[in-house]
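Survey of secondary and tertiary structure
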Amino acid sequence: MRTGEVSDPVILAGGASMYVALTVAQIAVVAVALSVMFGAAPRQPLSAVAGLVTGVALMTAMAAATAALCRSVESVMVATLPAVFVLPLVSGVYIPREVLPDALGDALAYAPLSPTVDLIRSGWTGQLSVAEVPVRIVLDAVWASLFAWVAFRRFRWEPRT
């Protein structure tokens, strides 16, 4: 692949595209099914779509950065554990940030996955105002850009020693 004319980002995007397509399809099926089961139509569908798009971009960039920083395939599996367990915990997936002390909840609003959770939750609850949605999108974009920068800066194609 690297001997052809295709650029490195295109090769990486091609590898991620299958996972992105499956993720988006699964989320769409589950969202429709739950909306029908519970009779809860999205109040701000554009907010939910923005959360989905920025979340997929964030997690793809985070995966590339993790792969770039790890020395072996085995270490990638261990290095992704914080993203799988800790980020949902601090972003409000498992425990809503509203039940935490105010200072802690406000600080955790800036965690990498928090803007995505806020946007998707607001898609159904309408909790974010029209002015707050772009702020969450920009915050998600900043995190995704940071992880993408790390991936592009540190990604190695040659064997690791």
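Here's what I pulled together on the structure shown here.

So, how was this worked out
- Residues numbered from 1 in each chain as written.
- Predicted model: local features only at pLDDT ≥ 70, side-chain atom pairs only at ≥ 80, totals over all residues.
- Heavy atoms only, no water.
- Helix = DSSP H or I, 4+ residues; strand = E, 2+ residues; numbered from the N terminus.
- Buried < 20%, exposed > 50% of the residue type's maximum accessible area, 1.4 Å probe, protein only.
- Areas by Shrake-Rupley, 256 points an atom, 1.4 Å probe, with all protein chains shown as cover.
- Lys, Arg positive; Asp, Glu negative; His and termini not counted.
- Charge placed at Lys NZ, Arg CZ, Asp CG, Glu CD.
- Salt bridge = Lys/Arg side-chain N within 4 Å of Asp/Glu carboxyl O.
- Phe/Tyr/Trp six-rings, centres within 6.5 Å; stacked < 30°, edge-to-face > 60°.
- Axes fitted to C-alpha atoms, helices over the stretch in contact; angles between N-to-C directions.
- Left-handed = near helix turned anticlockwise from the far one by under 90°.
- Contact = heavy atoms within 4.5 Å.
- Nonpolar A, V, L, I, M, F, W, Y, C, P; charged D, E, K, R; others polar.

**Description of the overall build of the chain**
Across its full length, the chain holds seven helices and zero strands. Listing each helix as α and each strand as β along the chain from the N terminus yields α-α-α-α-α-α-α. Split into buried and exposed, the 161 residues of the chain put 29% on the buried side. Total accessible area on the chain stands at roughly 10,200 Å², and carbon and sulfur atoms take up 74% of it. Treating the 10 positive side-chain charges of the chain as one cloud and the 10 negative ones as another, the clouds have centres 6 Å apart.

**Looking at the pattern of salt bridges**
Applying the stated criterion across every chain yields a total of three salt bridges. Among the ionic pairs, Asp-118 bridges to Arg-97, the shortest N-O distance being 2.8 Å. In this pair, Asp-118 sits in helix 6 (residues 114-125) while Arg-97 sits in the loop between helix 4 (81-91) and helix 5 (102-108), placing the two residues 21 residues apart along the sequence. For the pair shown, Asp-118 and Arg-97 are each scored as buried.

**Quick look at the packing of aromatic side chains**
Applying the stated criterion across every chain yields a total of one aromatic pair. Ring plane angle 25 degrees and centroid distance 5.9 Å describe the contact between Trp-143 and Phe-147, whose orientation is recorded as stacked. Of this pair, Trp-143 and Phe-147 both sit in helix 7 (residues 132-154), four residues apart, which is roughly one turn of the helix. Taking relative accessible area as the criterion, Phe-147 reaches 17% and is therefore assigned buried.

**Re the packing of helix 1 (residues 8-38) against helix 2 (residues 45-69)**
Two elements in contact, helix 1 and helix 2, have axes separated by 11 Å at closest approach and are oriented at 145 degrees. Note that helix 1 runs across helix 2; the crossing there is right-handed. The residues of helix 2 that touch helix 1, namely those facing Ala-16, Val-20, Thr-23, Val-24 and Ile-27, are Leu-52, Val-56 and Thr-60. Counted by class, the contact of helix 1 with helix 2 contains six nonpolar, two polar and no charged residues.

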